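Residue-level structural notes
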Amino acid sequence: MNVELHLHTDAYYNGIGDGAQTVVQAIDVAAKNNATAIAITDHGNCANWTDFFAYANGEEVDHQTLAKKGLKSVKPILGKENYVKKEEKLIRKEVLSDELLSLYGKYVSDDDINIVNQHLILLAKDYQGVQAISRLTSEENRLIKAKERPVATFEMLKEYLAGGHVVCSSACIAGVIANPLLFNSRIDREIAKIDRRIAKSEETLGQEYFSAKEKVEKITTEIESMNEEISSLTDVAKKKYGKAKAAIKKEPEEKRDVLYKALDVEIIETEKAKERIALLKSEIKELKASISNDKKILTKAKNRVSTIEQNLSLIKLLEASKKTDDEMFLDACQAANEYKSLFGDDFYIELQYHHIAAEAYVMPLLVKVAKECDIKCIITNDVHVDTKENLSVREYIRNCASIKRPWVDAIPGDEELYFKTDDEKKAILSEIIDKNIIDEAILNVSQGKETFDEAMYRKLKEIGESGLKVVYPTTYIGKDGKEHHYIRRLDSAIRMNMKDGLRTLHNETQQQFGKEFKSNGVEISVHL
């Protein structure tokens, strides 16, 4: 079987795309591995649909055909990896303590919304599905803003994809169901970003600032200690002894010497306290003078320091806003049920593993979500290159796409993003998921929906058998001398002229559909 339902080609649009294989390469490797079907799911666009469909069906693309290579045709599935917009707040005021809010609440704004572009795999079941995905793509591009990606909202999915003509799966760890499970990971990434900002701010302050800060803090601690000592001596230093001396004079003479000696001790302590206080005040004055320039340095950096303090406060708020595992699981189940309500049994949980730590955490949880929500699982490999030997091509393309940044080496997981057979996918997935679940997911792929060709032929046959007819505005004079409109059976009319979109498929593809539908002239086009 070896079907792959998540595959990227070299279709780059508006800076989007990370596939490093041509349509020919993708289908060749699928055919060599006896794949019965293969889907194209490029990010945010349908640019390679026509070549993909034509070549998979045995037609010539770039002067190449499967037949010339001794390979059989592969059933093509037209699809797309869509972006779905989700708004969320990383700092959740509703769960913060009153103490945190009183200390740091001024740093939280109701306008602080984090936009997440979640991934969603869309696969056309039939021609109506092709139209639906095409129209959604056109609308996304109509609404696109500068330097943004074509993104749909859930409301747009309902508007364009409802009706049972599109199969949908949850995509990768950036997908619509994995996303809620990784809420805390997004907080950790945000904290890491803030830490980098803090480090950068501290770097701009320079060594002079930190030396001054250390000195001021040390001297300030000493001054505080001296002031505490002054405070403890103040009551002793303020003592007056006039009344005490007058009282002693009234005592019997034999007691006076003892009382005067005791009083002299207290007087000496008071004098010492006064001297100590005077000395401490003098030293404090000198210490303050010694850090006057250092304080100027700190004052000069006040704004930058304030920014650092604000960022440290944000870290505290973010840490306090993290969710429990149960909360994230419930959020994932809620999202799964939303997509299930829209796509019904055509919504699947997608399982894939590339030795990425986040996948090892998320994929077993996705299995639990699937079980909780009664949703079937499928397995994919998120294919970006045709063979393991060509993995370096993707690294080159990714780096050449942005010449302004330093070279980025392959990231964890990249080494697994090539076309794999079912056995290869099973072998790696079994490291984190039970083999019985994987076998069931493979079976779910094999029992998937009918092919594009089969679905179109079935739909047209249903229309024909319904007896519906098309009345054309063109008229003719009949044998009865009256004016009549031309009438054609609806399925025949559709077969003669199937139009929707901007770009016409290859002539060879048109002829193929013409033969399939027993007609000599069929025009089919899709939105791109």
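Remember, predicted model here, so these are calculated numbers, not experimental data.

**Observations concerning the overall build of the chain**
The secondary structure content of the chain amounts to 19 helices and ten strands. Of all 528 residues assigned to the chain, the portion counted as buried reaches 45%. The contacts in the chain between residues at least 6 apart in sequence include a share of 78% that link residues at least 24 apart. Working note: accessible area of the chain is about 28700 Å², and carbon and sulfur atoms make up 50% of it.

**Observations concerning the pairing of strand β1 (residues 37-40)**
On β1, burial covers both faces: Ala37 and Ala39 on one face and Ile38 and Ile40 on the other are all buried. Across four bridges, the pairing between β1 and strand β2 (residues 75-88) is parallel. Considered in β2, the bridge of Ile38 is made with Pro76.

**Looking at the pattern of salt bridges**
Within the structure shown, the criterion is met by 20 salt bridges. Residue Lys215 pairs with Asp294 through a salt bridge whose shortest N-O separation is 3.4 Å. Of this pair, Lys215 sits in helix α7 (residues 183-237) while Asp294 sits in helix α10 (residues 292-300); the two residues are 79 residues apart in sequence, bridging distant segments of the chain. Residue classification places Asp294 among the buried positions, given a relative accessible area of 12%.

**As for the pairing of strand β3 (residues 114-124)**
The element β3 is largely enclosed, with a buried count of eight among its eleven residues. Pairing analysis gives four bridges linking β3 to strand β4 (residues 166-169), with the strands arranged antiparallel. Opposite Leu123, over in β4, you have Val167 as the bridge partner.

**Here we look at the environment of Ile379**
Along the polypeptide, Ile379 turns up in strand β6 (residues 377-379). Every residue in contact with Ile379, bar those within four places of it in the chain, is listed here: Leu351, Lys425, Leu429, Ile438, Ala441, Ile442 and Val445.

**With respect to the nonpolar core**
Within the largest apolar cluster, 73 residues are counted, with the highest numbers of intra-cluster contacts made by Ile177 and Leu351. Apart from the residues within four sequence positions on either side, Ile177 is in contact with Ser170, Ala332, Ala335, Ala336, Tyr339, Phe347, Ile349, Leu366 and Val369. Tyr107, Ile187, Tyr209 and Met328 belong to the second-largest nonpolar core, a separate cluster that totals 22 residues.

**Examining the sheet that holds β2**
The strand order β1-β2-β3-β4-β5-β6 describes an open sheet built from six strands, whose pairing is mixed. Both edges of this open sheet fall to β1 and β6, since each of them pairs with a single strand only. The sheet shows a mean angle of 40° between the axes of neighbouring strands, taken without regard to direction. Here β2 pairs with β3 via ten bridges, running antiparallel.

**Section: the packing of helix α4 (residues 127-143) against helix α5 (residues 154-161)**
Two quantities define a packed helix pair, namely the angle between the axes and the distance from one axis to the other. Where α4 meets α5, the axes come as close as 9 Å, and the angle between the chain directions of the two elements is 140°. Accordingly, the angle class assigned to the pair α4 and α5 is oblique. Here the hand of the crossing between α4 and α5 comes out right-handed. On the side of α4, the interface is formed by Ala132, Ile133, Arg135, Leu136, Glu139, Glu140 and Leu143, while α5 contributes Met156, Leu157, Tyr160 and Leu161. When the residues that make up the contact of α4 with α5 are grouped by side-chain class, the tally is eight nonpolar, no polar and three charged.

**Quick word on the confidence of the model for the chain**
Summary statistics for the chain give a mean pLDDT of 85 and a share of 85% for residues scoring 70 or more. Here residues 498-510 is modelled with pLDDT under 50, and outside its nearest four sequence neighbours on either side it reaches 44 contacts, counting other chains as well. Here residues 517-528 is a poorly scored stretch, pLDDT under 50, and it has 53 contacts once near neighbours within four places are set aside; other chains count.

**Some words on the side chain of Glu416**
Secondary-structure assignment places Glu416 in the loop between α14 (391-400) and α15 (422-429). The residues touching Glu416, leaving out its near neighbours within four places in the chain, are His354, His355, Asn381 and Ile428.

**A short note on helix α11 (residues 302-320)**
Taking 1.5 Å of rise per residue, 19 residues should cover 27 Å, and α11 covers 27 Å from first to last C-alpha, within 8% of that figure. Here α11 has its buried residues at Val305, Ile308, Asn311, Ser313, Leu314, Ile315, Leu317 and Leu318. On its buried side, α11 packs onto α3 (98-104) and α7.

**What to know about the packing of aromatic side chains**
Counting across every chain of the model gives three aromatic pairs. Summarising the aromatic geometry, the rings of Phe154 and Tyr339 are spaced 5.1 Å apart at their centres and angled 85° between planes, so their arrangement reads as edge-to-face. Taken together, the residues Phe154 in helix α5 and Tyr339 in helix α12 (residues 325-343) connect sequence positions 185 residues apart. Exposure remark for Tyr339: the relative accessible area of 4% places this residue in the buried category.

**Looking at the state of the cysteines**
By definition, a disulfide links the sulfur atoms of two cysteine residues through a covalent bond. Enumeration over the complete set of coordinates arrives at zero disulfides. The structure places no disulfide on Cys333, whose sulfur is separated from the nearest cysteine sulfur, that of Cys373, by 4.1 Å. We classify Cys333 as buried; its relative accessible area is 7%.

**Notes on the packing of helix α8 (residues 242-249) against helix α9 (residues 253-290)**
Axis separation between α8 and α9 bottoms out at 10 Å; the angle between their running directions is 170°. In terms of axis orientation, α8 runs roughly antiparallel to α9. Here α8 contributes Ala244, Lys245, Ile248 and Lys249 to the contact with α9, which in turn contributes Arg256, Leu259, Tyr260, Leu263 and Ile267.

**A word on unusual backbone geometry**
Of note, Asp62 is a non-glycine position whose phi angle comes to about 55°, a positive value. Here Asp62 shows up in the loop between α2 (49-56) and β2. Of note, Asp374 is a non-glycine position whose phi angle comes to about 55°, a positive value. Here Asp374 is to be found in the loop between α13 (357-373) and β6.

Rules behind the numbers
- Residues numbered from 1 in each chain as written.
- Predicted model: local features only at pLDDT ≥ 70, side-chain atom pairs only at ≥ 80, totals over all residues.
- Heavy atoms only, no water.
- Helix = DSSP H or I, 4+ residues; strand = E, 2+ residues; numbered from the N terminus.
- Buried < 20%, exposed > 50% of the residue type's maximum accessible area, 1.4 Å probe, protein only.
- Contact = heavy atoms within 4.5 Å.
- Areas by Shrake-Rupley, 256 points an atom, 1.4 Å probe, with all protein chains shown as cover.
- Pairing = 2+ DSSP bridges.
- Salt bridge = Lys/Arg side-chain N within 4 Å of Asp/Glu carboxyl O.
- Core = buried A, V, L, I, M, F, W, Y, C linked by side-chain atoms within 4.5 Å.
- Axes fitted to C-alpha atoms, helices over the stretch in contact; angles between N-to-C directions.
- Parallel < 35°, antiparallel > 145°, perpendicular 65-115°, else oblique.
- Left-handed = near helix turned anticlockwise from the far one by under 90°.
- Nonpolar A, V, L, I, M, F, W, Y, C, P; charged D, E, K, R; others polar.
- pLDDT = per-residue confidence, 0-100.
- Expected span 1.5 Å × (residues − 1).
- Phe/Tyr/Trp six-rings, centres within 6.5 Å; stacked < 30°, edge-to-face > 60°.
- Disulfide = S-S within 2.5 Å.

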